[in-house]
Amino acid sequence: MDRIIEPELMDDPEQGKAYALADFSGPNTQFLNLFADKFTDFVGGGKVLDLGCGPADILIRFVDRYPDCECIGIDGAEAMLAPGRKEIVRKNFDHCIHLRCQCLPVAKEGNTFKAIISNSLLHHLHHPRDLWQTINECADPCTAIMIMDLFRPESTARARAIVDTYAADESPVLQQDFYQTFSLRISMTSSAELDLICSVVSQETCYTP
Ligand SMILES: C[S@@+](CC[C@H](N)C(=O)[O-])C[C@H]1O[C@@H](n2cnc3c(N)ncnc32)[C@H](O)[C@@H]1O
């Protein structure tokens, strides 16, 4: 399946609403569990950066698990951040989770981050290097870095079947976003300078909106 370039930002308010209403508890909990398994020495404290954070569900879960963190979530689409801002206030996390409407690449500011996380951003980027460049700027050799995304199925028919299997009951907007997600093409070669380890953590079922 060839890459289908989709719009980078999810800045349609309908997308923000559909995304915030969908239940991502499975994959987002899995993301946190994988992080905890991989970074057993990470006990919280310090600054955490979530790139392409969307409605910040992962950051909220992160703070639930590691209460002493100061988290910054960056997303270029205010439509995606808006539901997250409400949820952060509702959970009384506004002292420790700060959301910024900003596009990658992000330049270094102040101290480096103790953890950098990103889920499902990479396939949106027209220039994947923006992600690697941002991580290079904001990380030091001790930073815990975890990036998760989907890999492309072999055909558009398979992509359609996955959407039908896992998102049949979701809104048309979310189904379309999910389908477009399969245009993913991770440019791991451009990440070589970061010395990242790339593992397949599950079949496509890891991502079930
Ligand atoms: C599929 S959503 C993932 C949201 C969140 N990480 C999650 O797992 O629920 C991808 C997000 O990346 C954002 N995004 C895409 N390109 C971006 C860029 N260049 N800079 C900042 N955010 C970007 C989109 O606006 C969207 O909110």
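Our subject is the structure that appears above.
Criteria and cut-off values
Numbering of residues starts from 1 in every chain and runs along the sequence as written. The model is predicted, so local features are restricted to residues of pLDDT at least 70 and side-chain atom pairs to those at 80 or more, both for listing and for counting; the totals for chains, interfaces and linings are taken over all residues. By convention in this description, side-chain values take in all heavy atoms of the structure and omit both hydrogens and water. A run of H or I in DSSP becomes a helix once it reaches four residues, and a run of E becomes a strand once it reaches two; helices and strands are each numbered from the N terminus. When a residue's accessible area, from a 1.4 Å probe over protein chains only, is under 20% of the maximum for its type it is buried; when over 50% it is exposed; and in between it is partly exposed. We call two residues in contact whenever any of their non-hydrogen atoms come within 4.5 Å of each other. The method works on a 1 Å grid over the protein atoms by themselves. A cavity is a set of points holding a 1.4 Å probe that cannot get out, a pocket is an open set with protein on both sides within 12 Å along at least five of seven lines, and residues with an atom within 4 Å of a point line them. Grid points are joined across faces, edges and corners, and a volume is the space filled by probe spheres set on the points. Residues are counted as near a molecule or strand when any one of their heavy atoms sits within 4 Å of it. Distance and chemistry together define a polar contact, namely a pair of N or O atoms within 3.5 Å, with one atom able to donate a hydrogen and the other to accept it when in protein, and with adjacent residues in sequence counting only for side-chain atoms on both sides. Only the protein chains shown count as cover for residues, and all accessible areas are computed by the Shrake-Rupley method using a 1.4 Å probe. Among buried residues, those of type Ala, Val, Leu, Ile, Met, Phe, Trp, Tyr and Cys that are joined through side-chain atoms within 4.5 Å constitute a nonpolar core. Pairing between strands is defined by DSSP: at least two bridges between the two strands are required. Every axis corresponds to a line fitted to the C-alpha atoms, with the helix fit spanning only the stretch in contact, and the corresponding angles, defined between N-to-C directions, vary from 0 to 180 degrees. The pairing test for Phe, Tyr and Trp rings, Trp by its six-membered ring, is centres within 6.5 Å, and the orientation test on the planes gives stacked under 30 degrees, edge-to-face over 60, and tilted for anything in between. Only lysine NZ and arginine CZ atoms are considered, and such an atom sits over a ring when it is within 6 Å of the ring centre and within 35 degrees of the ring normal. Any carboxyl oxygen of Asp or Glu within 4 Å of a side-chain nitrogen of Lys or Arg constitutes a salt bridge here.

Just to check I follow, could you spell out the overall build of the protein chain for this structure?
On a plain count of helices and strands, the protein chain comes out with seven helices and five strands. The secondary structure elements of the protein chain, listed N-terminal to C-terminal, are α-α-β-α-β-α-β-β-α-β-α-α. A burial count over the protein chain gives 47% of its 209 residues as buried. Long-range contacts, defined as pairs at least 24 residues apart, comprise 78% of the intrachain contacts of the protein chain with a sequence gap of at least 6.

Before we go on, may I ask you to explain the layout of surface pockets in this structure?
A water-sized probe rolled over the atoms picks out the places where empty space is left. In this structure, the second largest pocket occupies an estimated 720 Å³ of space. Forming the walls of the second largest pocket are 44 residues, and the residues nearest its centre are Tyr19, Cys53, Gly54, Pro55 and Met80.

What is the right way to look at the site of the ligand in this model?
Surrounding the ligand, one finds 20 residues, the nearest of these being Glu8, Gly52, Asp75, Leu104 and Asn119. Within the contact set of the ligand, an oxygen atom lies 2.6 Å away from a side-chain nitrogen or oxygen of aspartate 75. Note that a nitrogen atom of the ligand is positioned 2.8 Å from one of the backbone N or O atoms of asparagine 119. Within the complex, 98% of the 600 Å² of free accessible area of the ligand lies under protein.

Got a minute to help me understand the nonpolar core in this structure?
Considering soluble globular proteins, one finds that nonpolar side chains tend to be buried as a cluster. If you look at the biggest cluster of nonpolar residues, it comprises 26 residues, and the most contacted ones within it are Phe35, Phe42, Val48, Leu59, Phe62, Ile97 and Leu99. By residue number, the principal contributor to this core is helix α3 (residues 57-65), which donates five residues. Beyond its immediate stretch of four places on either side in the chain, isoleucine 97 contacts Leu59, Ile60, Val63, Cys71 and Ile88. Counting 16 residues, the second largest nonpolar core, distinct from the first, contains Val106, Ile135, Cys138 and Ala139.

Got a minute to help me understand the sheet that holds strand β2 (residues 69-75) in this structure?
Sheets are built from strands paired through backbone hydrogen bonds, the pairs being either parallel or antiparallel. Read across the sheet, five strands follow the order β3-β2-β1-β4-β5 without closing on themselves; strand pairing throughout is parallel. Each edge of the open sheet is held by one strand with a lone partner, namely β3 (97-101) and β5 (144-148). Strand-to-strand twist of the sheet, defined as the mean angle between neighbouring strand axes without regard to direction, takes the value 15 degrees. Both strand β1 (residues 46-51) and strand β4 (residues 115-119) contribute to a ladder of three bridges, which runs parallel. By the bridge assignment, aspartate 50 is partnered in β4 with isoleucine 117.

Even after reading the chapter, I still don't get the packing of aromatic side chains, so can you show me in this structure?
Between two aromatic rings, the relevant description is the distance of the centres plus the angle of the planes. What the rule picks out here adds up to eight aromatic pairs. Ring geometry for phenylalanine 35 and phenylalanine 39: centres 4.9 Å apart, planes at 45 degrees, overall tilted. Here the aromatic rings of phenylalanine 42 and tyrosine 66 are separated by 5.0 Å at their centres, their planes lie at 90 degrees, and the arrangement is edge-to-face. Taken as a pair, phenylalanine 42 in the loop between α2 (25-38) and β1 and tyrosine 66 in the loop between α3 and β2 lie far apart in primary sequence, 24 residues in all. With a relative accessible area of 9%, phenylalanine 42 lands in the buried category. Linked through ring pairs, Phe35, Phe39, Phe42, Phe62 and Tyr66 together constitute an aromatic cluster. In this structure, lysine 47 is placed above the aromatic ring of phenylalanine 113, and the distance from its NZ or CZ to the ring centre is 4.6 Å. When the ring centre of phenylalanine 42 is taken as reference, the NZ or CZ atom of lysine 114 above it lies at 5.6 Å.

Got a minute to help me understand the pattern of salt bridges in this structure?
As a working rule, side chains carrying opposite charge can pair if their charged atoms are close by. Overall, the coordinates contain six salt bridges when judged by the stated rule. The salt bridge partner of lysine 17 is glutamate 14, with a shortest N-O separation of 3.3 Å. Note that lysine 17 and glutamate 14 are positioned in helix α1 (residues 13-21) at a spacing of three residues, about one turn of the helix. Using a relative accessible area of 41% as the deciding quantity, one classes glutamate 14 as partly exposed. Two residues, lysine 91 and aspartate 64, come together in a salt bridge whose shortest N-O distance is 3.5 Å. Of this pair, lysine 91 sits in the loop between α4 (78-90) and β3 while aspartate 64 sits in helix α3, and the two are 27 residues apart along the sequence. Residue classification places lysine 91 among the partly exposed positions, given a relative accessible area of 29%.

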